[in-house]
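The chain contents come next:
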Amino acid sequence: MTTKPGTSSASAGNSNPSINDINLEALSLSEGIRDAPVCIIVLGMAGSGKTTFTRSLIEHAQAQFNPYVVNLDPACREVPYAAHIDIRDTVNYKEVMKQYQLGPNGGIVTALNMFTTKMPKFAELVRRAGERGHKWCIIDTPGQIEVFTWSASGNIITEGLATMFPTIVVYVMDVVRSACPTTFMSNMLYACSILYKTRLPFLVALNKIDLKECSFVQEWMTDFEAFQDALEQEQSYVNNLTRTMSLTLDTFYENLVTCGVSAKTGVGFATLMTHMLDCVQEYERDYKPVYEKMRLQRLAEQEANPQPASHIEEAGVAVPMGLDLRDPPSNTDNSVFLMAPSLVPQQIDAEQEMETDAKGDLEEQNFQSFVQNHMTAQQSKRDKQQQEQDQKS
């Protein structure tokens, strides 16, 4: 949909204009919330299967909803689906870590913050996708859930989309890991906090039912005694806290919508999509008035505190900040808005690859030497035992 770094707008064609050609007038808050596309934010704990779930959801929704796909995980090497917008094409995650001397989580947060500076153009791309017939916009988030849910950038992206498009949250939950009552309660506490933080329709997808049935999870949500019986079988010092929290979350369970799915086999996605359509109606009925009120408040604030004239062009269009989305930088030495890892100049990759290969070869040699020494020692031991037996006989 958008052009690769260094691609001119002319080569993209009139039907798929470059990000540079986007007119931000279309993003005016005065237009109100649009009907399409529906933004689906996929969240979940690390290892819950969000990316595989996103791939299966895209496959099942392709024919009916023609989903527009967004990847917001800058640290992943590959994704099993074709993304229309990929944060890795905007921010170089490894370069962020190196230049700012950050760890993995800090690098992801900073990369998301940098991407969020392009939020107006990102929202405009989503709007144009809706005009071209994309009824859904599926957004895959970073594996570290707290990076998105508790960061300023995650809040900006979530509220920014919800103010312009119908938006729902799908929380992917690992059924296998949740067989432990304390782990189940941790998942529920996180789900509850996200529900009240995002203020959006919330759907829990109980993933991996191909490995374990999800009926016990749904029973624990509806039958307090059943959860207490399972909790009594656990020997843990946090049992008392878990028991207390289960009573506290009783009201949360009453209106919580759950659906068992298997991202690997595709089982349950038809029912899941039905629940998602119900969540869209819930947004229109219960949440849209709230975000409409927020939109009007922002318009009032803009009128009360207009921007200085130096930041507005003569035509009244906001001047975009910084470098353009997906554009390569003019000077990569001091910029973190670099190309995706797969598009970094080959000489850099070659040096890193040579270092990695050298380390890998040394580790392989050490491992082979260890195996050989172990086999030699075992053979010597067997020979010695055989000699002792021969002498006795």
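This report concerns the structure included in the present document. Sequence order as written defines the numbering, with residues in each chain counted from 1. Selection of residues for local features in this predicted model requires a pLDDT of at least 70, selection of side-chain atom pairs for listing and counting requires 80 or more, and totals for whole chains, interfaces and linings are taken over all residues. Only hydrogens and water are set aside; all other atoms, that is, all heavy atoms of the structure, feed into the side-chain values.

**Some thoughts on the overall build of the protein**
At step 1: Helix and strand counts for the protein come out as 14 helices and seven strands.
At step 2: Buried residues in the protein amount to 45% of all 393 residues.
At step 3: Considering only contacts within the protein whose residues lie at least 6 apart along the sequence, 77% involve residues at least 24 apart.
At step 4: The method behind every accessible area is Shrake-Rupley, applied with a 1.4 Å probe, and residues are considered shielded solely by the protein chains displayed. Per element, the accessible surface of the protein, about 20,700 Å² overall, is 51% carbon and sulfur. The numbering of helices and of strands both runs from the N terminus, where a helix is a DSSP run of H or I of at least 4 residues and a strand a run of E of at least 2. Think of it in three bands: residues with accessible area under 20% of the maximum for their type are buried, residues over 50% are exposed, and the middle band is partly exposed, with areas taken using a 1.4 Å probe on protein chains only. Any two residues whose heavy atoms approach within 4.5 Å at even a single point are treated as in contact.

**Re the nonpolar core**
At step 1: Counting 63 residues, the largest nonpolar core has Phe-122, Tyr-171, Phe-184, Met-188, Phe-202, Phe-252 and Tyr-253 as its most contacted members.
At step 2: Sort the elements by how many residues they give to this core and helix H8 (residues 181–198) lands first, with eight residues.
At step 3: Residues within four places of Tyr-253 in sequence aside, it is in contact with Phe-184, Met-185, Met-188, Met-221 and Ser-246.
At step 4: Remark: nonpolar core denotes a set of buried residues (Ala, Val, Leu, Ile, Met, Phe, Trp, Tyr, Cys) joined through side-chain atoms within 4.5 Å. Among the nonpolar cores identified, the runner-up in size contains 28 residues, and Ile-40, Val-69, Leu-272 and Cys-279 belong to it.

**Quick word on the pattern of salt bridges**
At step 1: Each reported salt bridge corresponds to a side-chain nitrogen of Lys or Arg within 4 Å of a carboxyl oxygen of Asp or Glu. Per the counting criterion, the structure on display carries 11 salt bridges.
At step 2: Between Lys-288 and Glu-284 there is a salt bridge, and its shortest N-O distance comes to 3.5 Å. One end of the pair, Lys-288, and the other, Glu-284, are both in helix H13 (residues 269–304), four residues apart, so they sit about a helical turn from each other.
At step 3: Judged by relative accessible area, which is 21%, Lys-288 ranks as partly exposed.
At step 4: With relative accessibility at 32%, the residue Glu-284 sits in the partly exposed group.
At step 5: Taking the shortest distance from any N to any O, the salt bridge between Asp-286 and Arg-285 comes out at 3.3 Å.

**As for the packing of helix H3 (residues 93–100) against helix H4 (residues 104–116)**
At step 1: As a packed pair, H3 and H4 sit with axes 9 Å apart at the nearest point and diverge in direction by 110°. Accordingly, the angle class assigned to the pair H3 and H4 is roughly perpendicular. Helix-helix and strand crossings are classified by hand; for H3 and H4 the assignment is right-handed. On the side of H3, the interface is formed by Tyr-93, Val-96, Met-97 and Tyr-100, while H4 contributes Pro-104, Gly-107, Ile-108, Thr-110, Ala-111 and Met-114. Axes here refer to lines fitted to C-alpha atoms; in helices the fit is confined to the stretch in contact. Angles between the N-to-C directions go from 0 to 180 degrees. Should an angle fall under 35 degrees it is taken as roughly parallel, and over 145 as roughly antiparallel, whereas 65 to 115 is taken as roughly perpendicular and any remaining angle as oblique. Working rule for handedness: look at the near helix, and if it is turned counterclockwise from the far one by less than a right angle, call the crossing left-handed; if clockwise, right-handed.

**Observations regarding the packing of helix H2 (residues 50–65) against H13**
At step 1: The contact between H2 and H13 brings their axes to 11 Å, and the two run at 70°. The angle between H2 and H13 places the two elements in the roughly perpendicular class. Across the interface between the two elements, Phe-53, Ser-56, Leu-57, His-60, Ala-61, Gln-64 and Phe-65 from H2 touch Phe-269, Leu-272, Met-273, Met-276 and Leu-277 from H13.
At step 2: Classification used: nonpolar for Ala, Val, Leu, Ile, Met, Phe, Trp, Tyr, Cys and Pro, charged for Asp, Glu, Lys and Arg, polar for all others including Gly. Its residues placed into classes, the contact of H2 with H13 shows nine nonpolar, three polar and no charged.

**Topic: the sheet that holds strand S3 (residues 85–86)**
At step 1: Two strands are said to pair when DSSP picks up at least two bridges between them. With parallel pairing, seven strands are arranged side by side in an open sheet as S3-S2-S4-S1-S5-S6-S7. Every other strand in the sheet has two partners, leaving S3 and strand S7 (257–260) as the edge strands with one partner each.
At step 2: As defined by bridge partners, strand S1 (residues 38–44) adjoins strand S5 (residues 167–174) across six bridges and the pair is classed as parallel. Bridge pairing in S5 links Gly-44 to Val-172.
At step 3: Docked against the sheet, H13 engages S1, strand S4 (136–140), S5, strand S6 (202–207) and S7, running at close to 165° with respect to S6.

**Structural notes on the packing of aromatic side chains**
At step 1: Each aromatic pair joins two rings of Phe, Tyr and Trp (for Trp, the six-membered one) with centres within 6.5 Å, and gets the label stacked for planes under 30 degrees apart, edge-to-face for over 60, and tilted for any other angle. Tallied over the full model, the rule gives 11 aromatic pairs.
At step 2: Aromatic side chains Phe-53 and Phe-269 sit 5.4 Å apart centroid to centroid with 35° between the ring planes, which places their arrangement in the tilted category. Of this pair, Phe-53 sits in helix H2 while Phe-269 is found in helix H13, placing the two residues 216 residues apart along the sequence. Here Phe-53 matches Phe-269 in class, with each residue buried.
At step 3: With 5.5 Å between their ring centres and 75° between their planes, Trp-220 and Phe-227 make a pair best called edge-to-face. Just as Trp-220 is buried, Phe-227 falls in that class too.

**A few points about the pairing of S6**
At step 1: Burial within S6 is extensive, with six of its six residues counted as buried.
At step 2: Burial along S6 is two-sided: the residues Phe-202, Val-204 and Leu-206 and Leu-203, Ala-205 and Asn-207 are all buried.
At step 3: Looking down the strands as they point away from the viewer, one classifies a crossover as right-handed if the path from the first strand across the helix to the second runs clockwise. With respect to chirality, the unit in which S5 leads through H8 into the neighbouring parallel S6 is right-handed.
At step 4: Summarising the sheet, S6 and S7 pair through four bridges and their orientation is parallel. Its bridge partner being in S7, Leu-206 is matched across the sheet by Gly-260.

**Quick word on the side chain of Asp-86**
At step 1: Structurally, the position occupied by Asp-86 is in strand S3.
At step 2: For Asp-86, a relative accessible area of 8% translates into the label buried.
At step 3: A polar side-chain atom of Asp-86 sits 2.8 Å from a polar atom in the side chain of Arg-88. Pairs of N or O atoms are called polar contacts if they sit within 3.5 Å, as long as, within protein, a hydrogen donor faces a hydrogen acceptor (for residues adjacent in sequence, only side-chain-to-side-chain pairs).

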